[in-house]
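# Notes for the structure review
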Amino acid sequence: MAELPAAFLTRMKELLGEEYGDFLAAYEKPPLRGIRLNPLKCTEEKLRAAFPFPLKPAPFSPLSFCFPQEGGRVGTMPLHHAGAFYSQEPSAASAVTVLAPQPGDRVLDLCAAPGGKSTQIAALLQGKGLLWSNEVVKSRANVLLSNLERLGVRNGVVSSCRPEVLCPALAGFFDKVLVDAPCSGEGMFRRDPQAVAEWSPEHVRSCAARQAAILDSAAQALRPGGLLAYSTCTFSLEENEETVTAFLERHPEFSLCEAGLPQGRPGLLGMNQARRIYPMDGGEGHFAALLKKAGGPEERLPYPAFAEKEPAPALRREAEALWQEIFSCPMPQGLCQAGEQLLLLPEGLPPWKGLGVLRAGVLFAAGKGKRWEPCHALFMAASPGQLRRRLDFPAGSPEISAFLRGEELPAPEEWRGWTGVSVDGVMLGFGKCSQGRLKNRYPKGLRNF
């Protein structure tokens, strides 16, 4: 680990007092490694069976687990490719646990990349309600989109839009908002040397100013009676308790609630309802506070729905024919054409014009000249039992290794057309069968080499 800045150590000694020695001792240990189960695609039993070592439940989320340092590169595992789990430091799950999304909620993750908390929210929504994940930096928003796609999220929207534009446009729409704010990253020092190199007292102050502006925007997007979770991965008072205190002074319609997280310890400056997590608490470093907006859902104003343009009859027939070639169930509602793409939109979608939306719902098909072909996202979001044709192989099989390298696979001689590929019953991708072979359509940028 890089040498810690002297000014940071002085701050931590003032914050922790007698526990400062325990804090330093924790930094001598390697960071925890963790994963989070994705119940949209996998069961805990199947996940445990996939690992050659035991998974220990983590206390910050019922979906989170720790595993040994010598666990290897879990990101290359077939079930990771299939979206059965997300690699995440265990205490990073605490903010979503505090927000406690429920099926049917409309949730905004305002600073969402790379997608750990958004995919956790999606798991708790269970496909019901709406998840809107936003990231200002376009390149990071594309990573966010890729992770949501991998984990098979059907009811999501991904945008790259500034909060001061997005939130007024969607004023009062969301039941719950998460602001996992950009911060000085003190809680990442044990695993990220770049965070150490970038730290300074001036950086802490600039982060606090940016966090205040983001929170002011987030307040507008929340409905009366809604909940706002504010979190950081830093220890500084300026970015945590002081930021929350200043927000409450600017927004008297908000009040601080009990975070409902037994792990960690109470916030400082008398903010006992908030939670702080230090390395000696079994995590890297997090802060979380839960705020409630005055009022109730009965005060929510009617909101216009997305004005879905009905596809031309010929296009709809073509889309339905493609769907029926792949699936044995009826095609869902919400078909929408966006240029050379066909989308299956989630229900309850608000207007999105001018909000930097990169994707809404599931990418069904893409135009290839005069025809439409299915997309990887469609198969990643599919239920395996609904497919007409599917090749399934165990995780350790040579077929799965070959598929993840982009190679062709053997298939039944009589099979023709689009065919799903799964690993231990979890959807992994697709290809096209012809003459006893499956031509691989696994995206090149995701392959193992």
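A short tour of the structure in this document, coming up. Not measured: the values here are computed from a predicted model.

## So, unusual backbone geometry
Going from A113 to P114, the amide bond is cis rather than trans, its omega being 5°. Here P114 lies in the loop between β5 (106-109) and α6 (116-125). The backbone phi angle of Q126 is positive, close to 60°, even though this residue is not glycine. Inspection of the secondary structure assignment puts Q126 in the loop between α6 and β6 (130-134). You will see that D424, though not glycine, has its phi angle at about 50°, which is positive. Structurally, D424 is set in the loop between β21 (417-423) and β22 (426-434). Since its relative accessible area comes to 29%, D424 is described here as partly exposed.

## Re the pairing of strand β9 (residues 222-232)
A large share of β9 lies buried, amounting to 11 of its 11 residues. Of the pairings in the sheet, the one linking strand β8 (residues 174-180) to β9 comprises 6 bridges and is parallel in character. Bridge pairing links V179 to Y230 in β9. By the bridge criterion, 6 bridges tie β9 to strand β13 (residues 286-293) in an arrangement that is antiparallel.

## Here's the deal with the sheet that holds strand β3 (residues 64-67)
Read from one edge of the open sheet, 4 strands run β2-β3-β1-β4, paired in antiparallel fashion. Both outer strands of the open sheet, β2 (56-57) and β4 (85-87), are each paired with one neighbouring strand and no more. Sheet topology note: the strand β1 (residues 33-37)/β3 ladder contains 4 bridges and is antiparallel. Residue I35 lies in a different strand from β3, and its bridge partner there is F65.

## Quick look at the sheet that holds strand β17 (residues 362-368)
Hydrogen bonds between backbone atoms are what pair the strands of a sheet, whose relative direction is either parallel or antiparallel. The strand order β14-β15-β17-β18 describes an open sheet built from 4 strands, whose pairing is antiparallel. Each edge of the open sheet is held by one strand with a lone partner, namely β14 (335-338) and β18 (371-374). Averaged over all neighbouring strand pairs, the angle between strand axes comes to 30°, with direction disregarded. Bridge count for β17 against β18 is 4 bridges, and the pairing is antiparallel. Bridging across to β18, G367 finds its partner in W372. Seen against the sheet, helix α12 (residues 313-326) touches β14, β15 (341-344), β17 and β18 and runs at an angle of roughly 35° to β18.

What counts and what doesn't
- One numbering rule holds for all chains: residues counted from 1, following each sequence as written.
- Local features in a predicted model are, by the rule used here, given only for residues with pLDDT of at least 70; side-chain atom pairs are given and counted only at 80 or more, and totals for whole chains, interfaces and linings are based on all residues.
- Where side-chain values are given, they derive from all heavy atoms of the structure, hydrogens and water being excluded.
- The way it works is that DSSP assigns letters per residue, a run of H or I at least four long becomes a helix, a run of E at least two long becomes a strand, and they are numbered from the N terminus.
- Per-residue accessibility, obtained with a 1.4 Å probe over protein chains only, is compared with the maximum for each type, and a residue is labelled buried under 20%, exposed over 50%, and partly exposed between these values.
- When DSSP locates at least two bridges between a pair of strands, those strands are taken to pair.
- In this description, a line fitted to the C-alpha atoms serves as the axis of each element, helices being fitted only across the stretch in contact, and the angle between N-to-C directions of two axes falls anywhere from 0 to 180 degrees.
- Throughout, a residue-residue contact means that at least one pair of heavy atoms, one from each residue, lies within 4.5 Å.

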